[in-house]
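# Coordinate inspection notes
What follows is each chain in one-letter form.
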Amino acid sequence: MTFDPETTTFLIAGPVRIHPRVLRAMSMPSLNHRGDYFHGIVQEIRELLPVLFGAKGRQVILSGSGTAGLEAMYSGLLPKEGRVVVVTNGNFGDRSNEIVRRYASNVTTVSAPWGQALPAEAVRAELAKGDVRAVCVVHNETSVGLANDLAGIAPAVRDSGALFLVDGISAVAGIPIAIDAWGIDALVAGSQKGLAAPAGLALVHLSDRAASALHPGTFYLDLAAHLKSLEKNDTPWTPAVPLFLALREALLLLKEEGLEGRLARTHRLAEAARAATDALGLALFPDRRYASDTVTAIRNPDGMGDPELRKVLERQYNVLVQGGQGALTGKIFRIGHMGIADWPDLLVTFAALERILGRAGRVATPGASLRAIVERMP
Ligand code: PLP
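Residues numbered from 1 in each chain as written. Predicted model: local features only at pLDDT ≥ 70, side-chain atom pairs only at ≥ 80, totals over all residues. Heavy atoms only, no water.

### Considering the overall build of the protein
A tally of regular secondary structure across the protein gives 13 helices and 14 strands. Whereas a compact globule of 378 residues would reach a radius of gyration of roughly 21 Å, the protein reaches 21 Å, a difference of no more than 12%. In terms of overall dimensions, the protein has a C-alpha envelope of 60 × 55 × 35 Å along the principal axes. The burial tally for the protein puts 59% of its 378 residues in the buried class. Relative to all contacts within the protein whose residues are 6 or more apart in sequence, the contacts with residues 24 or more apart total 72%. Carbon together with sulfur atoms contributes 52% to the accessible area of the protein, which is approximately 15,200 Å² in total. The protein carries 39 positive and 38 negative side-chain charges, and their two centres are separated by 2 Å. (Helix = DSSP H or I, 4+ residues; strand = E, 2+ residues; numbered from the N terminus. Rg over C-alpha atoms; globule rule 2.2 N^0.38 Å. Buried < 20%, exposed > 50% of the residue type's maximum accessible area, 1.4 Å probe, protein only. Contact = heavy atoms within 4.5 Å. Areas by Shrake-Rupley, 256 points an atom, 1.4 Å probe, with all protein chains shown as cover. Lys, Arg positive; Asp, Glu negative; His and termini not counted. Charge placed at Lys NZ, Arg CZ, Asp CG, Glu CD.)

Structure follows, in structure tokens:
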């Protein structure tokens, strides 16, 4: 079998596989984005967005990838005065750190090595020094397959009065997020991850406090302008119309499954992926206590880089998983199991992995990884 994008087992860490209903939803003739029909679609999307976030609030749809959502959040909410704390333990935390530094001048970066637990004590120590106006953190570090313990730092952030700004791009609709209980002020989701819509939209949830703290940042991504237009089921600039159509269908699919249902399925798949990894004698990359439910990051076995592993998966078995980023290139590979990923995807992926490792004489108990998955199926 050779790689075929139309039939591949597609488990990269997002974009994720898209349901045919969502693909079909995009096949529409051009719509007048200022007409009643499209306004009706925007209204439906607005009514459905609380299903995605698991909370009500002011929610914005931006045409642009997840980074557009981050830029909108940071440019519109980072204060001109006072300190900002950015937390990082992976590539996307580092990226946020770069964006934040474009919009705030007094920034303290609190970091842990990639894949290690969120440095909660160091965050608390920075907050205790006072004058922190915003704390910025990535909930799910896609680059290292790690879910940061936001609940652990939430009370300290709340007590400090700082805005709590969260990159939830690979967390939303994949791992539980208690927006209100944790006091999150702004949360960014990407359409191409747990929601399983095409890439190209960012969804931003804002608390009342954040909505009233907005100030003009970038022009295109001005969240206040978007909120104002959305009140009339409109957008300030020409929206990515086909992606809005796909978004509505993906939200309907999520509603049918229920957010709880999707989170539970994603968790179950993640537990199976971790158990299968163990059964193959491979090691998880992140601190296991915080292993992500949406992305499993696995160390490459010694002596096997991308050409021996990931490329064979792709070319011989038509299975697509993702490699490592930055310094982790060729050292880890990542299996995304969010959105509509399901048991057949995992079974095929681990069957192929087991075959590749078996041919290299590296499988102690043939069939063990598949048994680990089967035993965890509902
Ligand atoms: N933050 C996280 C946690 C991500 O996983 C990603 C993409 O994978 C991004 C930010 C960047 O999002 P985008 O590539 O959609 O702009």
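### Looking at the pattern of salt bridges
Taken as a whole and assessed by the stated rule, the structure comprises 18 salt bridges. Across the pair Arg17 and Asp345 runs a salt bridge, and its minimum N-O distance is 2.9 Å. Of the two residues, Arg17 sits in the loop between strand E1 (9-10) and helix H1 (20-25) while Asp345 sits in helix H12 (residues 343-359), which places them 328 residues apart along the sequence. Residue classification places Arg17 among the partly exposed residues on the basis of a relative accessible area of 32%. Between Glu126 and Lys129 there is a salt bridge whose closest N-O contact spans 2.9 Å. Exposure remark for Glu126: the relative accessible area of 11% places this residue in the buried category. Lys129 gets classed as exposed once you look at its relative accessible area, which sits at 60%. One salt-bridge network, held together by shared partners, links Arg21, Glu249 and Glu256. (Salt bridge = Lys/Arg side-chain N within 4 Å of Asp/Glu carboxyl O.)

### Brief notes about the sheet that holds strand E13 (residues 322-323)
The three strands are arranged E11-E14-E13 in an open sheet whose pairing can be described as antiparallel. A strand with exactly one partner marks an edge of an open sheet, and here the two such strands are strand E11 (295-299) and E13. As paired strands, E11 and strand E14 (residues 332-336) are joined by five bridges and run antiparallel to one another. In the sheet register, Ile298 faces E14, and the bridge partner there is Phe333. (Pairing = 2+ DSSP bridges.)

### Overview of the site of the ligand
Surveying the vicinity of the ligand reveals the residues Ser65, Gly66, Thr67, Leu70, Phe92, Val138, Asn140, Thr142, Asp167, Ile169, Gln192 and Lys193. The side chain of Thr142 places a nitrogen or oxygen atom 2.4 Å from an oxygen atom of the ligand. Within the side chain of Gln192, an N or O atom sits 2.8 Å from an oxygen atom of the ligand. In isolation the ligand exposes 390 Å². Once the protein is present, 87% of that is buried. With three residues, helix H3 (residues 66-77) is the largest single contributor of residues to the shell around the ligand. Per-class residue counts for the shell around the ligand are four nonpolar, six polar and two charged. (Near = heavy atom within 4 Å. Polar contact = N/O pair within 3.5 Å; in protein donor to acceptor, adjacent residues only side chain to side chain. Nonpolar A, V, L, I, M, F, W, Y, C, P; charged D, E, K, R; others polar.)

### Some details on the domain arrangement of the protein
Per the domain assignment, the segments of the protein are domain 1 (9-16 + 258-374) and domain 2 (20-257). Centre-to-centre separation of domain 1 and domain 2, based on C-alpha positions: 27 Å. Listed per partner, the contact involves 29 residues of domain 1 and 33 residues of domain 2. Carbon and sulfur atoms supply 58% of the area buried between domain 1 and domain 2, which totals about 2,400 Å² over both sides. Three residues, Leu259, Arg262 and Tyr290, lead the burial of domain 1 against domain 2; their summed loss comes to 25% of the area buried on that side. Remark: the boundary between domain 1 and domain 2 carries two salt bridges. At the junction of domain 1 and domain 2, the tally comes to 15 residue pairs in polar contact (both at pLDDT 80 or more). Only helix H10 (259-279), E11 and E14 provide two or more residues apiece to the side of domain 1 that touches domain 2. At six residues, the largest contribution of residues to the side of domain 1 that touches domain 2 is made by H10. (Domains from an automatic or database assignment. Buried area = accessible area lost by both parts, 1.4 Å probe.)

### What to know about the pairing of strand E5 (residues 132-138)
Here E5 lies mainly inside the structure; six of its seven residues are buried. Bridge count between strand E3 (residues 83-88) and E5: four bridges; the pairing is parallel. Looking across to E5, one finds that Val84 is bridged to Ala134. Direction of pairing for E5 relative to strand E8 (residues 163-167): parallel, over a ladder of five bridges. Counted as the bridge partner of Val137 is Val166 from E8.

### Here we look at H3
The terminal C-alpha atoms of H3, which comprises 12 residues, lie 17 Å apart, in line with the 16 Å expected from a rise of 1.5 Å per residue. Most of H3 sits out of view: 10 of its 12 residues are buried. For H3, the full list of buried residues reads Gly66, Ala68, Gly69, Leu70, Ala72, Met73, Tyr74, Ser75, Gly76 and Leu77. (Expected span 1.5 Å × (residues − 1).)

### With respect to the environment of Thr67
For Thr67, the location among the structural elements is in helix H3. For Thr67, a relative accessible area of 31% translates into the label partly exposed. For Thr67, the contacting residues outside a window of four places in its chain are Arg95, Ile99 and Ile169.

### What about the side chain of Asp185?
The residue Asp185 is located in the loop between E8 and strand E9 (186-190) in this model. Accessibility expressed as a relative area gives 4% for Asp185, which makes it buried. At a separation of 2.7 Å, a polar atom in the side chain of Asp185 contacts the side chain of Arg209. Excluding its chain neighbours within four sequence positions, the residues that come into contact with Asp185 are Ala162, Leu163, Phe164, Leu165, His205, Leu206, Ser207, Arg209 and Ala210.

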